[in-house]
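# Structure assessment
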Amino acid sequence: MSTPNIRADFPILQRTHNGSTIAYLDNAATTQKPEAVLDAVRAYYSLHNANVHRAAHRLADEATGMLEQARETTRAFINAPSEREIIFTRGTTESINLVAGVLDGHLRSGDIILLTELEHHANIVPWQMLAQRTGARLEAVAIDANGDLDLDDFHNKLTLQPKLFAFNYVSNALGSVNPVKELVAAASASGALTLVDGAQAPLHYDIDVQAIGCDFFAMSGHKMYAPMGIGILYGRYELLEALPPWHGGGEMIETVSLTSSTYQKPPFRYEAGTPNVSGAVGLGAAIEYLASIDIATLRQAEDDLTLFTLSHLRQIPGVRIIGEPRERSGAISFLVEGAHPNDIGTLLDQQNVAVRTGQHCAMPLMDTLGIPGTIRVSFSLYNNQEDAERFLAAVEKATTFI
């Protein structure tokens, strides 16, 4: 079966500079947007724009319907039991901050919050702030020499009886894929709440929060072809109903007096203020777009492209691959001997190849690895063999300047 070609659906991939299109290989940072998403956002603002849940006119009814349809589309996408468990946020970072912001009453001095050494800053700093407020302390599961979680250390850390275990599905820095179901099952059996940072996962894996069994799941729209500034937090309804609000304001209340307020049921309890309706519409359109393409074939092609690139990158003199995980998804980190990552990134950019350099918002991981940062190439479903070959040629040329 031939691999379907979806590149034509993404206008930015047709853009040229100095006579060539860009080989966009920074997808772990953000993905590009297909026409279907751009059209949906444009149509919302052109034909339906109004504030939601607040007026008796036609435009408000239409906008409200579009927002709630996006919530249902997202619920089905991750197989959540109820749309009441889908909270719209600005993205994974805000979703994690929301959970960290409402768990003060769940923790006390000396309690353990368990993380891993693979985490993005967004899954570290909010827990540090929660620990500072409550007197809890952080522990982290170690990684092995390949960049995989040390599962023996994980099970040893569970004997500390952590109150919460927060970890990523896929490492944004190394591409390491964690055994999500196994980790959630063990942590839950030990009595911990579980939160999965799913930012890097939705384009690469079918997400089923019921099968995963987690208490919370966070993800961002812009990592999966939707606009920036929209994401979701899934939370088990009984937890959301029991936890307090995070932000106060309009929409999240039932009644307000000058001395006290009562709050709506989830998800509206956690959605104070005017929501990002256009972003939610764009997220719904992105999910519908993914449903319209042969995603299984494209995922296999992306995996093959990653293996091809990894194999040939190893053959370039002076290149050192950072991380050799058991299972890798979409991202390869590497260094070039004698060169700073930023210098290599600049040389690649001059050849119209876009990659990411630096610490990838994972400074503790870089400290563990003993390196200042990496060059990261990351693929998406629209990347092809030409992108990989242009990248490899650009790296080989860059090494001649070192």
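The coordinates are above.
Residues numbered from 1 in each chain as written. Predicted model: local features only at pLDDT ≥ 70, side-chain atom pairs only at ≥ 80, totals over all residues. Heavy atoms only, no water.

## Comments concerning the nonpolar core
Our working definition: For the purposes of this section, nonpolar cores are sets of buried Ala, Val, Leu, Ile, Met, Phe, Trp, Tyr and Cys residues that join through side-chain atoms within 4.5 Å. Note on classification: 1.4 Å probe, protein chains only; a residue is buried when its accessible area is under 20% of the maximum for its type, exposed when over 50%, partly exposed between these limits. A run of H or I in DSSP becomes a helix once it reaches four residues, and a run of E becomes a strand once it reaches two; helices and strands are each numbered from the N terminus. Contacts are residue-level and defined by heavy atoms, with any inter-residue pair within 4.5 Å sufficient.
Ranked by size, the top nonpolar core spans 74 residues in total, and within it Tyr169 and Phe217 carry the most contacts. Take this core: its biggest share by element is 9 residues, from helix H9 (residues 277–292). Residues in contact with Phe217, not counting those within four places in the same chain, are Tyr169, Val196, Gly198, Ile207, Val209, Ile212, Ile232, Leu233 and Tyr234.

## Examining the environment of Val141
Looking at where Val141 falls in the secondary structure, it is placed in strand S6 (residues 137–141). On a C-alpha basis, the gap between Val141 and Asp153 in space is 6.1 Å, while along the polypeptide they are 12 residues apart.

## Focus on the pattern of salt bridges
Defined as follows: What counts as a salt bridge is simple: a side-chain nitrogen of Lys or Arg found within 4 Å of a carboxyl oxygen of Asp or Glu.
Overall, the coordinates contain 18 salt bridges when judged by the stated rule. The partner of Arg90 in a salt bridge is Glu94, with the nearest N and O atoms 2.7 Å apart. For Arg90, a relative accessible area of 60% puts it in the exposed group. Look at Glu94 and you get buried, because its relative accessible area is 16%. In this structure, Glu241 engages Lys265 in a salt bridge whose closest nitrogen and oxygen atoms are separated by 3.0 Å. Taken together, the residues Glu241 in helix H8 (residues 237–242) and Lys265 in the loop between strand S12 (261–263) and H9 connect sequence positions 24 residues apart. Owing to a relative accessible area of 33%, Glu241 belongs among the partly exposed residues under this scheme. By relative accessible area, Lys265 is classed as partly exposed at 45%. Each of Asp26, Arg356 and Arg376 takes part in one network of salt bridges that share partners.

## Considering the packing of aromatic side chains
Going by this rule: Each Phe, Tyr or Trp ring, with Trp reduced to its six-membered ring, pairs with another whose centre is within 6.5 Å; inter-plane angles below 30 degrees give stacked pairs, above 60 give edge-to-face pairs, and intermediate values give tilted ones. Placement of a charge over a ring requires the Lys NZ or Arg CZ to be within 6 Å of the ring centre, with the centre-to-atom vector within 35 degrees of the ring normal.
In total, this model carries 10 aromatic pairs according to the counting rule given. Seen in terms of ring centroids, Phe10 and Tyr225 are 5.0 Å apart; in terms of plane orientation they differ by 70°. Their pairing is edge-to-face. Residue Phe10 is found in the segment before strand S1 (16–17), and its partner Tyr225 is found in the loop between strand S9 (216–220) and strand S10 (231–235); the two are separated by 215 residues along the sequence. Looking at Phe10, the relative accessible area reads 0%, which means it is buried. By way of ring pairs, the aromatic residues Phe10, Tyr225, Tyr289 and Tyr382 are connected into one cluster. The aromatic ring of Tyr237 is capped on one face by Arg84, whose charged end is 4.2 Å from the ring centroid.

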